[in-house]
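These are the residues of each chain, in order.
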There are 2 protein chains.
Amino acid sequence: VITELRIQPSEMQRLVEALGRYGEQPGGGIVRPVYSPAWKAAQTQLGEWFADTGLEVREDGVGNLFGRLEGQTARTVLTGSHIDTVPLGGRYDGALGVLSALAAVRALKEQAGRPRRSLEVVALCEEEDSRFHANFWGTRGILGLIRAEELDHLVDDDGMTIGLAMRSVSLAPEQYHKAVRPDLDAFVELHIEQGRILYDEQVPLGIVETITGLYRYLTTVEGRTDHAGTTPMDLRRDAVQAAAHMALDITRVVEAEGRPAVVTTGKWDVQPGAWNIVPGLASFSVDLRHPDESTKQRLAVSLQQTCDRIAAQRGVSVRYELASDVQPMAMHPEIQRALIAAAEAHGLAYRSMVSGAGHDSQLMATRVPTGMLFVPSVDGRSHSPAEYTTPEDAARGAEVLATALHHLAY
Amino acid sequence: VITELRIQPSEMQRLVEALGRYGEQPGGGIVRPVYSPAWKAAQTQLGEWFADTGLEVREDGVGNLFGRLEGQTARTVLTGSHIDTVPLGGRYDGALGVLSALAAVRALKEQAGRPRRSLEVVALCEEEDSRFHANFWGTRGILGLIRAEELDHLVDDDGMTIGLAMRSVSLAPEQYHKAVRPDLDAFVELHIEQGRILYDEQVPLGIVETITGLYRYLTTVEGRTDHAGTTPMDLRRDAVQAAAHMALDITRVVEAEGRPAVVTTGKWDVQPGAWNIVPGLASFSVDLRHPDESTKQRLAVSLQQTCDRIAAQRGVSVRYELASDVQPMAMHPEIQRALIAAAEAHGLAYRSMVSGAGHDSQLMATRVPTGMLFVPSVDGRSHSPAEYTTPEDAARGAEVLATALHHLAY
């Protein structure tokens, strides 16, 4: 009976549009940071939808919102994502995972009745790191990884502590430790791909094998400031020319490695930054990602050797400051199998893939068997008002999610 | 008798150090913008030195300060430079030209008596363009190139008009047109090289053939903003990678052209400028200089063709915004000959050279036979507290200047 399970594209569209009104700006784009009035209003709306579906609604000590369908045991299969957004974000990043989870659990409740394991929909809080630089705050609460002093030490750009921000939406920050959940048997997160692989290949589903590893550092080149008119080319030690050479060559190294290796040089600073002065200082960020830890480390060494060699050739100095080093995280084989079986049951094409972006799942997977399902992002757009997933793709994703949850919970 | 003319290094050192105290900052470096109290105090000091030398002292309508040695005719040979500085500039840029002129005219007055043509030392005002963006303001006053409306329209960073700033140092801005000088037969400017050619080659004198031409434009590359984790390398249109490629390749084109062609990519802007976003927009300034106009124009075309080609290869767009296009200016052959003859009379090595930097002489040369004499900059440093010319090089320069002025005025 469960392969007959249908979720209507129109239902997904209605949910996405309704939630997307919270924090929507007059010129387009959503501003819905954690613990803001817009975020609180969206949570309240979600809670009403959970209640309308007959789920037991509960908000935990850090602001994660749950809708629970009690099963024969208290052991729980959790599904969902987050509803906080980046500034001027879109309607889909995070939100679609929560709404698909709601639609899936509603369909299961209606068509399959009471599960064996309890089923729970969740809207996790502060995934985007866009207000407090408290990445995966909600998941950290669930896993017992929040430290008490963070409540007073984490501040937003206006200097408000996360503890005070929690109080402003009627949470009791001192209750943060009550968010811990020792009852989770599985976590399944549907998310938009945020890239263009599924869209370009016209494949409706991606089943994540690994969330990529990340190695971030700042490269700073020091040369010599000189007069742009009076210093012959052959006597210069131009920091930005050396930096440009480095940025190009490290990109070539990563391109030669091939997919899924990626490197980005996104943030630049060139000093003194005058038209008529040969720059003496230039820095650029390096964001290197690979799902295999040893390859990631090998590439990191190779990139720095490449830059050292260019620095020596050009008579400049170069230094590196590590910003973060996050290991890749494999998704649990059992959850991957459940997602693959569900896709096959629906007769849908899928591809196994790497998540190049970070997600709550990468932290959840350190303690709970976890899996991720991707649906296509039109033109690969994300973190933008242009973010879009067709209602058909959204509904297909929710159906496959429901079927996978059926495998796991019934 | 005039080849026996001697100016003591200690005298040059004393003058440089005394003038360098005006506007000197506690941590080093001089801040002496035009019409500031520090500039006014330096002008007053100079006027006293002019008077002590027996020169007739006069300030014109825009603030140029003159010390005149009357000759047999009213036709005038003018020599000097400027005393305004860039922020945190050094003691030599401009100032050494005024002080050498004073020392040279003093020596001539003492050893050669009354000249045929009148001889005049000048401290020109606002050469550096560092307060009002009124480049060569003093020279423009002398040549009748100031327009009345500029007095109200040119403002400094605090919003003060140049007219009000003139009043603050007791000038009458409405008298600006009285600065015009139809009596000039020659202008000779001694200046530090501001580069390292003379210093590296251990040649004490540079005789300028041409002040270089300048072509400045902003190159802006537009690609596509993408997620740094989810966008494979082969699907990116990274604006900063394209810009880095362009900046490197245009530099190679200019390097292949050889001296004296120079190009500088000094000012960069990369947007959105986040670690985890593939940049969609990148711009960099291009400052191209060559003393031959047709070569300058040919290079400008070649650089833009190079960037167009890279843009097409990389699937990004590129546009160019012209900022300035200044033609090269040849120094007058007669003045060059006088300087060469003077160097030879003193038995000093010299080299003919291009000025890569701009100077009052380039504008003065449009109306008055003009020449420039360079002395070495230690380590090529300029526009910096590290600016330095040895007292011996300064004195040799002043002696050669005096001898050249003797050729021209006696």
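Remember, predicted model here, so these are calculated numbers, not experimental data.

Attention shifts here to the overall build of chain A. A count of helical and extended segments in chain A gives twelve helices and 16 strands. Referenced to the eigenvectors of the C-alpha coordinate spread, the extents of chain A come out at roughly 80 × 45 × 40 Å. Counting all 410 residues of chain A, 61% fall into the buried class. For chain A, the proportion of contacts with a sequence separation of at least 24, taken over those separated by at least 6, is 79%. If the 39 positive side-chain charges of chain A are averaged to one point and the 54 negative ones to another, these points end up 2 Å apart.

Here the focus is the relation of the copies chain B and chain A. Mapping one chain copy onto the other needs a rotation about an axis and a shift along that axis. Note on the identical chains: chain B maps onto chain A by a rotation of 180 degrees and an axial translation of 0.0 Å, with an RMSD of 0.0 Å. Seen this way, the second copy is the image of the first under a two-fold rotation axis. Ranked by how close their C-alpha atoms come to the rotation axis, the residues of chain B are headed by B:Ala244, at 2.3 Å. When you check the interface residues of chain B against chain A, 100% turn up at the interface there too, and the contact is symmetric in its surfaces.

One turn of an α-helix holds 3.6 residues; hence residues three or four places apart share an orientation. With 19 residues, helix 12 (residues 391-409) of chain A extends 26 Å between its outermost C-alpha atoms, agreeing within 8% with the 27 Å of an ideal straight helix rising 1.5 Å per residue. Buried residues dominate helix 12 of chain A, accounting for 15 of its 19 residues.

Of the residues lining the interface, 57 residues belong to chain B; the matching set on chain A comes to 57 residues. Interface area for chain B against chain A, summed over the two sides, is near 4800 Å², with a carbon-plus-sulfur share of 61%. Connecting chain B to chain A are two salt bridges. Measuring nitrogen to oxygen at the nearest pair gives 2.9 Å for the salt bridge that ties A:Asp234 to B:Arg259. At the boundary of chain B and chain A, one finds 14 residue pairs in polar contact (both at pLDDT 80 or more).

Looking at where B:Leu218 falls in the secondary structure, it is placed in strand 7 (residues 213-222). With 65 residues separating them in the primary sequence, B:Leu218 and B:Ser283 have C-alpha atoms 6.8 Å apart. In this structure, B:Leu218 is in contact with A:Trp275, B:Ser283, B:Phe284, B:Ser285, B:Arg319, B:Tyr320 and B:Glu321, ignoring residues within four places of it in sequence.

The next subject is the pairing of strand 1 (residues 56-59) of chain A. Residue and element names in this part refer to chain A. Here strand 1 pairs with strand 2 (residues 65-69) via four bridges, running antiparallel. Residue pairing in the sheet places Glu 59 in a bridge with Leu 65 of strand 2. Here strand 1 hands over to strand 2 after five residues, with Gly 63 in that stretch at a positive phi of 110 degrees.

This paragraph deals with the packing of aromatic side chains. The relative placement of two aromatic rings is captured by the distance of their centres and the angle of their planes. Summed over all chains, the structure comprises twelve aromatic pairs over all chains. Between A:Tyr35 and A:Phe132, the aromatic rings sit 6.5 Å apart at their centres with planes inclined by 55 degrees, giving tilted as the arrangement. In this pair, A:Tyr35 sits in the loop between helix 1 (9-20) and helix 2 (37-52) while A:Phe132 sits in the loop between strand 4 (117-124) and helix 4 (137-143), placing the two residues 97 residues apart along the sequence. In this structure A:Tyr35 comes out as buried when scored by relative accessible area, which is 2%. With relative accessibility at 1%, the residue A:Phe132 sits in the buried group. Here the aromatic rings of B:Tyr217 and B:Tyr320 are separated by 5.8 Å at their centres, their planes lie at 80 degrees, and the arrangement is edge-to-face. A residue pair is termed long-range when its members are at least 10 positions apart, and B:Tyr217 in strand 7 and B:Tyr320 in strand 13 (residues 317-326) qualify at 103 residues. Site record: aromatic cluster; members linked through ring pairs are A:Trp268, A:Phe284, B:Trp268 and B:Phe284.

Residue and element names in this part refer to chain A. Remark: helix 8 (residues 239-257) packs on helix 9 (residues 293-314), axes separated minimally by 9 Å, with the N-to-C direction vectors making an angle of 150 degrees. Helix 8 and helix 9 meet at a crossing whose hand is right-handed. Along the contact surface, helix 8 presents Gln 241, Ala 242, His 245, Met 246, Asp 249, Ile 250, Val 253, Val 254 and Glu 257, while helix 9 presents Thr 295, Arg 298, Leu 299, Ser 302, Leu 303, Thr 306, Cys 307, Ile 310, Ala 311, Gln 313 and Arg 314. Split by residue class, the contact of helix 8 with helix 9 holds ten nonpolar, six polar and four charged.

We now examine the packing of helix 1 of chain A against helix 12 of chain A. Between two packed helices, both the angle of their axes relative to each other and the distance between the axes serve to describe the pair. Residue and element names in this part refer to chain A. At a minimum axis distance of 8 Å, the contact between helix 1 and helix 12 shows a crossing angle of 105 degrees. The angle between helix 1 and helix 12 places the two elements in the roughly perpendicular class. Note on element contacts: helix 12 touches helix 1 through Pro 391, Glu 392, Ala 394, Ala 395 and Ala 398, opposite Pro 9, Met 12 and Gln 13. Of the residues in the contact of helix 1 with helix 12, the class split is six nonpolar, one polar and one charged.

Residue and element names in this part refer to chain A. Looking at the secondary structure, you find Phe 374 in strand 16 (residues 370-375). In this structure Phe 374 comes out as buried when scored by relative accessible area, which is 1%. Every residue in contact with Phe 374, bar those within four places of it in the chain, is listed here: His 191, Ile 192, Glu 193, Leu 198, Pro 204, Leu 205, Gly 206, Val 208, Met 353, Val 354, Ser 355 and His 359.

Further remarks concern the side chain of A:Ser100. Residues and elements named next belong to chain A. For Ser 100, the position within the fold is in helix 3 (residues 95-112). Taking relative accessible area as the criterion, Ser 100 reaches 0% and is therefore assigned buried. A distance of 2.6 Å separates a polar atom in the side chain of Ser 100 from the backbone oxygen of Leu 96. Excluding residues that lie within four positions of it along the chain, Ser 100 makes contacts with Met 12, Leu 190, Ala 398 and Leu 401.

So, about unusual backbone geometry. Residues and elements named next belong to chain A. Across the junction of Arg 259 and Pro 260, the peptide omega takes the value 0 degrees, indicating a cis bond. Residue Pro 272 follows Gln 271 across a cis peptide bond; omega there is 0 degrees. Within the secondary structure, Pro 272 is located in the loop between strand 10 (268-271) and strand 11 (277-278). Despite not being glycine, Tyr 35 shows a phi value in the positive range, around 65 degrees.

We now examine the pattern of salt bridges. Under the definition given, this model contains 54 salt bridges over all chains. Residue B:Lys296 pairs with B:Asp325 through a salt bridge whose shortest N-O separation is 2.6 Å. Linking B:Lys296 in helix 9 (residues 293-314) with B:Asp325 in strand 13, this pair joins segments that are 29 residues apart in sequence. Shared partners join several salt bridges into a network, and the residues in it are A:Arg68, A:Glu70, A:Glu120, A:Arg181 and A:Asp183.

Here we take up the confidence of the model for chain A. In this model, chain A carries an average pLDDT of 96, and 99% of its residues clear a pLDDT of 70 or more. Note on the complex model: pTM 0.86, ipTM 0.85.

For the rest of this paragraph, the subject is the side chain of A:Asp393. Residue and element names in this part refer to chain A. Mapping Asp 393 onto the fold places it in helix 12. Polar contacts involving the side chain of Asp 393 include one to the side chain of Arg 396, which spans 2.9 Å. For Asp 393, the contacting residues outside a window of four places in its chain are Pro 204, Val 375 and Pro 376.

Rules used throughout
Residues numbered from 1 in each chain as written. Chains lettered and ligands numbered in written order. Predicted model: local features only at pLDDT ≥ 70, side-chain atom pairs only at ≥ 80, totals over all residues. Heavy atoms only, no water. Helix = DSSP H or I, 4+ residues; strand = E, 2+ residues; numbered from the N terminus. Buried < 20%, exposed > 50% of the residue type's maximum accessible area, 1.4 Å probe, protein only. Contact = heavy atoms within 4.5 Å. Lys, Arg positive; Asp, Glu negative; His and termini not counted. Charge placed at Lys NZ, Arg CZ, Asp CG, Glu CD. Least-squares fit on C-alpha atoms with pLDDT ≥ 70 in both. Expected span 1.5 Å × (residues − 1). Buried area = accessible area lost by both parts, 1.4 Å probe. Salt bridge = Lys/Arg side-chain N within 4 Å of Asp/Glu carboxyl O. Polar contact = N/O pair within 3.5 Å; in protein donor to acceptor, adjacent residues only side chain to side chain. Pairing = 2+ DSSP bridges. Phe/Tyr/Trp six-rings, centres within 6.5 Å; stacked < 30°, edge-to-face > 60°. Axes fitted to C-alpha atoms, helices over the stretch in contact; angles between N-to-C directions. Left-handed = near helix turned anticlockwise from the far one by under 90°. Nonpolar A, V, L, I, M, F, W, Y, C, P; charged D, E, K, R; others polar. Parallel < 35°, antiparallel > 145°, perpendicular 65-115°, else oblique. pLDDT = per-residue confidence, 0-100.

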